[in-house]
Amino acid sequence: MQKEYKTVESISGPLLVVTGIEGVKYDELVEVEVPGENTPRIGKVLDISKDKAIVQMFSPTTGVQTHNTKVRFRGETFKLGVSKDMLGRVFSGGGKVLDGGPEIIPEKKLDIAGAPINPYSREFPNDFIQTGISSIDVMNTLVRGQKLPIFSGAGLPHNRLAAQIARQAKVTTGEDFAIVFATMGVTFEEAEYFKKEIEKTGAMSRSVLFMNIAADPVVERITTPRLALTAAEYLAFEHDMHVLVILTDMTNYAEALREVSSARKEVPGRRGYPGYLYTDFATLYERAGRVKGKKGTITQIPILTMPDDDKTHPIPDLTGYITEGQFIVSRDLNTRGLFPPVDVQGSLSRLWSAGVGEGKTREDHAQIKDQLFASYAQGKEARELAVVLGESSLDDSDRAHLKFADEFEKQFINQGETTERAIEESLDLGWKLLKMLPRGTLKRIKPEMIEKYLKS
Amino acid sequence: MNPEETTSKIIRVSGPLVQADNMRDAKMYEVVRVSSEKLLGEIIELNGDIASIQVYEETAGIGPGEIVVRTGKTMSAMLAPGLLESIYDGIQRPLKLIESESGDHFIARGIEVAGIDLKKKWEFKPLAQKGDVVSEGNFLGEVQETTLIAHKIMVPPGISGTVKEIKTGEFTVKETVAVIETKDGEEKEIQMLQYWPIRRPRPVKNKIFPDQPMVTGVRTIDTLFPIAKGGAGCIPGPFGAGKTVTQQSIAKYCDAEVIVYIGCGERGNEMTEVLDEFPKLIDPNTGEPLMKRTVLIANTSNMPVAAREASVYTGITIAEYYRDMGYSVALMADSTSRWAEAMREISGRMEEMPGEEGYPAYLSSRTAEFYERAGRANLLGSEKRIGALTVIGAVSPPGGDLSEPVSQATLRVTKCFWGLDGALAYKKHFPSINWLTSYSLYVENFKDYWTNNIAPDFAQNRALTMNILQEESKLMEIVRLVGMEALSNEEKLTLEIARSIREDYLFQNAFDKDDAYTPPQIQYGILKSILTVYKEGKAVVSKEDFNFNEFKKLETVKNLQTLKNKKDPEEFKSFQDKAHEEISSLCVGTSAD
């Protein structure tokens, strides 16, 4: 039964307070009919007491009146009609068809809030995804079912990096895969760039796009990633597809959340973000993964821009605590014209060990990765010393490491936007670079491996 | 009045917080069932006849006017054979049963499943006899729960008297296995299943001073910053510094007899990894699969927030229960910051006056209460028994900044601080425990233990190691300013040895099966060998005109890195002899010039 009220008591920011209500449920979907408008605006119940409901609107409250506005409680939570026909289509951040095509005939209607996956039913991600990018494949391996965000800053080419990953990502087995792409508050150009990239590679027919751009309603952004993930779950767990979900930009999402929170006059946590930001992020990020008995998987790459490149800002910080590592885009490498500017040391893939080794990549992968990390770190330290004291003050080993670090950046990291390297190529390149160093410094590799690979 | 007959109705819903009226007779922390969906909740505030309830399940679709049913019980853990090898959510529902009840990989709502298999029959062997006078905590019998653990059935707290009847054979946990006649002539039937309210510590006779280290096999911890059996420690660190890996490697290899691992508001895949790995991994202390001694509690970050708040209490109650049997138990909570955040969220919704950073004012008292449940204690019961409960909590300070409330509240009550360092993790030095800032207040307690069980000079070696590392950090400042050449040979030696300590001793690969666990004797051997080179070297390099590069070229010095591959104590002896020989020959060589 749908209930209709004309008792809007107050409006503040994105919130409406409706009084005199009865039988309304928490989290219920709400339609608000503003006089003189044909289509109702959508919201949901955020807090409900005996005769009063606080409704959070997904569209702006501009023009809404306390008088004459009709509020209809739909008796159900926000659901997305899903179908396999969503592939190849573009939707708004609120789930409306944007590409001028026909409406989707839903096979199912799914609650966009999703439900937590039972940890017992999960299966540990362990399939290697080859992105064709050495600094990722060798050093910070991405695994199917992982959630691995890109931490970037204003003006850095995170979009190009994400597009390159989306373009080149290969599941070696050649199974069905799809891209679900959602933008939250990015500029029109950015959104268009991604759309074009996807079209260029012919991946459009395997993609679902949800677009909320900067000009769109702020509060709608809270819904957008949930729509995307609901579609992804449907494709992965009911149609056995391997889904790559790209969410950009999580910073805008968090800001929308903060806006609602402050309108509710909640006690803020750090920097004015609500205390439940962690939990809220988790309900999105934890929707990645694999489950027992299902073939499909969801891999997530959320993108966020760190305000002032500050990793300790609540948004990257809380994200980092939930996701299984992060790719950091380095401003330094970018300034020096290297692409992709992945900060190898700052980046981390927590699941790398599950995706590498014999039968997945190659037996030497784990050890050479450790060695490259260690040697590169030492080289960078030597570089710092050289800046202070001059190169002449370095000993032989330090000088070799310094040279190694330079070449590592020039050859290994800087591979360009269009180069795609198979994992073996990347590993061999690593060995080639290690030849520049004295044998005695290769402490992280077992002698058998050095015998086998360093010679060839 | 029968709680079932009350006519409580919901008057407000705000996320996990629900308020209901007509609750005048309700108790604090009483368990209630909310709405016809029977969502599980717990009363956390009473105000007149209005109760605030934190609901352990998602509240979407719930609204005012729906019923709330009281159960009359406070939130309790079910304690009986069958706990080990289980994996629970925060309120002790087995995740496996939730899966079969939900029929899906998602967690459905309103599922009622018992924490313990009530149908399974266990072989009960009596330890007490008819006519024995027993008091609370006394053993009545035991059940071989897993190949590792004999589960003692104890007289429940609050009961004492004479054993009137005791049975032998196979029973379910709800069947009576003994009857005790109390002083007043009352007959109490005892089942294997007991309940205990999770927020109340289980009683012990008295606490005693912890003087035995818990061996973890992690070299940095055992040698530099050891923790006691019955101690409390914390691992704070920014993300990516390796909190979870460190916690897991302690859970895997430490010499506690029972492990309770709480994944509190952390990643789902991490729990899956533990689930996959523990049954396969072999405990180096017993040779049995690790799972046989483990209870897992997994309330991941996307599962309901209120259940996350309860999960640490559920875990510690189970841990105390095994401690009461006389076992040494280790509890890992990863991460207590998420638990604190859950408290903050509920507190915020109750519109309480916030303390620092929005956390409730009772944050530090709750934290202290939790860690105080750790300890080594003389247990209840007329037999003399000692049990220990070690608690290790991970803390996830925002941005790695330890001045935040949760870290500070934790530091005040824990005696071991393993400070994980983002900069070390960045250099891929793991475990990234910073040797300059971390501490253990137990070191003094262990001196006797080390002398008697490892070697008389263990404590000295440890102190010397710490000195060298401290010295290194000072010298590095100088090097950064004026370069290596400004240092004397002796200082160069210190740097060289400090590097070796860091790279060849403290660095430990938790993913390499040979390296992940080092027994104390081997730890001693490696460290002593490195320090032998230092001591021998010190006499030589201080000679005038000594070329330090000569020293670096020595086989012994080059071979320092191979030390950690040695498994036999004899090998260290021969290494030390060789070092002595080689370095003294250097002495002869230079003096001959």
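Treat the numbers as computed from the prediction; the structure is a model and nothing was measured.

(A) Up close: the overall build of chain B. Helix and strand counts for chain B come out as 16 helices and 28 strands. Taken over C-alpha atoms, the radius of gyration comes to 28 Å for chain B, in line with the 25 Å a tight globule of 593 residues would show. A principal-axis box enclosing the C-alpha atoms of chain B has dimensions of 100 × 55 × 40 Å. Expressed as a percentage of the 593 residues in chain B, the buried residues total 61%. At a minimum sequence separation of 6, the contacts of chain B that also span at least 24 residues come to 69%. Put simply, chain B shows about 22,300 Å² of open surface, and 50% of that area lies on carbon and sulfur atoms.

(B) Seen up close, the sheet that holds strand E10 (residues 133-134) of chain B. All names here are of chain B. Across the sheet, 4 strands lie side by side as E10-E13-E15-E16; this open sheet has antiparallel pairing. Edge strands, defined here as strands with exactly one partner in the open sheet, are E10 and strand E16 (187-191). When E10 meets strand E13 (residues 161-166), the two strands line up antiparallel, connected through 2 bridges. Bridging from a neighbouring strand, Val133 pairs with Thr162 of E13.

(C) Spotlight on the interface of chain A and chain B. Contacts between the two partners involve 71 residues from chain A, matched on the other side by 76 residues from chain B. Where chain A abuts chain B, roughly 5,900 Å² becomes buried across the two surfaces, and 55% of that area is made up of carbon and sulfur atoms. Of all residues in chain A, Tyr26, Tyr120 and Tyr321 of chain A bury the most surface against chain B, accounting for 14% of the area lost on that side. Across the chain A-chain B interface, the total number found is 6 salt bridges. Listed by contribution, the elements that provide at least two residues to the side of chain A that touches chain B are strand E5 (41-49), strand E11 (122-123), helix H4 (220-239), helix H6 (277-285), helix H7 (314-322) and helix H10 (365-389) of chain A. The greatest single-element share of the side of chain A that touches chain B, amounting to 7 residues, is contributed by H10 of chain A.

(D) Examining helix H7 (residues 363-371) of chain B more closely. Residue and element names in this part refer to chain B. Those residues of H7 not exposed but buried are Leu363, Arg366, Thr367, Phe370 and Tyr371. Down the axis of H7, the smallest arc covering the buried residues is 130 degrees, so these residues share one side. Against strand E21 (232-236), helix H5 (305-324), strand E24 (328-334), helix H6 (336-349), strand E26 (386-395) and helix H8 (405-411) lie the buried residues of H7.

(E) Structural context of the pairing of strand E9 (residues 122-126) of chain B. Residues and elements named next belong to chain B. In terms of strand pairing, E9 meets strand E14 (residues 169-171) through 3 bridges, oriented antiparallel. Looking at E14, one finds that Glu123 is bridged to Glu170. Both E9 and strand E11 (residues 139-144) contribute to a ladder of 2 bridges, which runs antiparallel. Paired with Lys125 across the bridge in E11 is Glu142.

(F) Summary view of the packing of aromatic side chains. Applying the stated criterion to the full structure yields 26 aromatic pairs over all chains. Note on Phe124 of chain B and Phe171 of chain B: the rings are 6.4 Å apart at their centroids and 75 degrees apart in plane angle, and the pair reads as edge-to-face. On the criterion of sequence distance, the pair formed by Phe124 of chain B in strand E9 and Phe171 of chain B in strand E14 is long-range, its members being 47 residues apart. Just as Phe124 of chain B is buried, Phe171 of chain B falls in that class too. The ring centre of Phe177 of chain A lies 4.4 Å from the NZ or CZ of Arg206 of chain A, which sits over that ring. One residue, Arg219 of chain B, lies across the ring of Tyr505 of chain B, its end atom 5.8 Å from the ring centre.

(G) Broad picture of the confidence of the model for chain B. Within chain B, residue pLDDT values average 90, and 98% of them lie at 70 or more. Here the prediction assigns the complex a pTM of 0.90, and the interface score ipTM is 0.85.

(H) Local environment of the pairing of strand E12 (residues 150-154) of chain B. Residues and elements named next belong to chain B. Among the 5 residues that make up E12, 5 are buried, leaving the element largely enclosed by the rest of the structure. With 5 bridges joining them, E11 and E12 adopt antiparallel strand pairing. Paired with Phe139 across the two strands is Met154, which belongs to E12. Linking E11 to E12, which pair antiparallel, is a turn of 5 residues.

(I) Representation of the packing of H4 of chain A against H6 of chain A. Residues and elements named next belong to chain A. Two elements in contact, H4 and H6, have axes separated by 10 Å at closest approach and are oriented at 30 degrees. With respect to H6, the axis of H4 lies roughly parallel. Residues Pro225, Arg226 and Leu229 of H4 touch H6, and the partners they reach there are Asp280, Thr283 and Leu284. Taken together, the residues of the contact of H4 with H6 sort by class into 3 nonpolar, 1 polar and 2 charged.

(J) Seen up close, unusual backbone geometry. For the peptide bond that leads from Asp334 of chain B to Ser335 of chain B, omega is 5 degrees, which places it in the cis range. Cis geometry is found at the peptide bond from Phe430 of chain B to Pro431 of chain B, where omega equals -10 degrees. Position of Pro431 of chain B relative to the elements: it lies in the loop between helix H9 (422-426) and strand E28 (439-440). Even without being glycine, Lys265 of chain A reaches a positive phi, approximately 60 degrees. With respect to the helices and strands, Lys265 of chain A occurs in the loop between helix H5 (250-263) and H6. The phi dihedral of Gln92 of chain B falls on the positive side, at around 60 degrees, and the residue is not glycine. By the secondary structure assignment, Gln92 of chain B is in the loop between strand E8 (87-88) and helix H1 (95-102). Here Gln92 of chain B falls in the buried class, since its relative accessible area comes to 4%.

(K) Local environment of a nonpolar patch on the surface. All names here are of chain B. Together, Ile478, Leu481 and Val482 line one region of the surface with nonpolar side chains, adding up to about 300 Å² of accessible area. With respect to the helices and strands, Ile478 occurs in helix H11 (residues 458-482). For Ile478, a relative accessible area of 36% translates into the label partly exposed.

(L) Expanded view of the state of the cysteines. Residues and elements named next belong to chain B. In the structure shown here, the tally under the stated rule is 0 disulfides over all chains. Here Cys264 stays free of any disulfide, with the sulfur of Cys234 as its closest cysteine sulfur at 15 Å. For Cys264, a relative accessible area of 0% puts it in the buried group. You can see Cys416 has no disulfide; the closest cysteine sulfur is in Cys234, sitting 8.4 Å from it. Given a relative accessible area of 0%, Cys416 falls into the buried group.

(M) Broad picture of the environment of Met449 of chain A. When you line up the elements, Met449 of chain A lands in helix H13 (residues 447-455). Residues Met449 of chain A and Trp352 of chain A lie 97 residues apart in sequence; the distance between their C-alpha atoms is 20 Å.

(N) Here's a closer look at the domain arrangement of chain B. Looking at chain B, the domain boundaries give domain 1 (3-74), domain 2 (122-193), domain 3 (204-439) and domain 4 (458-592). Computed from C-alpha atoms alone, the centre-to-centre distance between domain 1 of chain B and domain 4 of chain B is 65 Å.

(O) Looking closely at the sheet that holds E11 of chain B. All names here are of chain B. On the basis of which strands lie adjacent, the open sheet formed by 4 strands has the order E12-E11-E9-E14 and antiparallel pairing. Taken across any chain shown, the strands that pair with only one partner, and hence form the sheet edges, are E12 and E14. Sheet twist, expressed as the average angle between the axes of neighbouring strands with direction ignored, equals 40 degrees. Lying on the sheet, H5 is in contact with E11 and E12; it crosses E12 at an angle near 90 degrees.

(P) The arrangement of the domain arrangement of chain A in detail. If you check the domain split of chain A, you get domain 1 (3-77), domain 2 (80-355) and domain 3 (365-453). Summarising the inter-unit geometry, the C-alpha centres of domain 1 of chain A and domain 3 of chain A are found 61 Å apart.

(Q) The side chain of Asn445 of chain B, seen in detail. Residue and element names in this part refer to chain B. With respect to the secondary-structure elements, Asn445 resides in the loop between E28 and helix H10 (447-453). The class for Asn445 is buried, based on a relative accessible area of 16%. Residues in contact with Asn445, not counting those within four places in the same chain, are Phe209, Pro210 and Asp211.

(R) Looking closely at the nonpolar core. Residues and elements named next belong to chain B. Judged by nonpolar contacts, the single largest core of 81 residues is most densely connected at Leu83, Leu140, Met192, Ile318, Tyr322 and Leu331. Discounting residues that sit within four places of it in the chain, Leu83 has contacts with Met78, Tyr88, Gln92, Ile116, Glu145, Val295, Ile318, Tyr321 and Tyr322. One finds Val113, Ile227, Met332 and Ile454 within the second-largest nonpolar core, a separate group that totals 80 residues.

Rules behind the numbers
Residues numbered from 1 in each chain as written. Chains lettered and ligands numbered in written order. Predicted model: local features only at pLDDT ≥ 70, side-chain atom pairs only at ≥ 80, totals over all residues. Heavy atoms only, no water. Helix = DSSP H or I, 4+ residues; strand = E, 2+ residues; numbered from the N terminus. Rg over C-alpha atoms; globule rule 2.2 N^0.38 Å. Buried < 20%, exposed > 50% of the residue type's maximum accessible area, 1.4 Å probe, protein only. Contact = heavy atoms within 4.5 Å. Areas by Shrake-Rupley, 256 points an atom, 1.4 Å probe, with all protein chains shown as cover. Pairing = 2+ DSSP bridges. Buried area = accessible area lost by both parts, 1.4 Å probe. Salt bridge = Lys/Arg side-chain N within 4 Å of Asp/Glu carboxyl O. Arc of directions from axis to C-beta. Phe/Tyr/Trp six-rings, centres within 6.5 Å; stacked < 30°, edge-to-face > 60°. Lys NZ or Arg CZ within 6 Å of the ring centre and 35° of its normal. pLDDT = per-residue confidence, 0-100. Axes fitted to C-alpha atoms, helices over the stretch in contact; angles between N-to-C directions. Parallel < 35°, antiparallel > 145°, perpendicular 65-115°, else oblique. Nonpolar A, V, L, I, M, F, W, Y, C, P; charged D, E, K, R; others polar. Patch = residues over 30% accessible without salt bridge, like charges linked within 9 Å, V, L, I, M, F, W, Y side chains within 5 Å. Disulfide = S-S within 2.5 Å. Domains from an automatic or database assignment. Core = buried A, V, L, I, M, F, W, Y, C linked by side-chain atoms within 4.5 Å.

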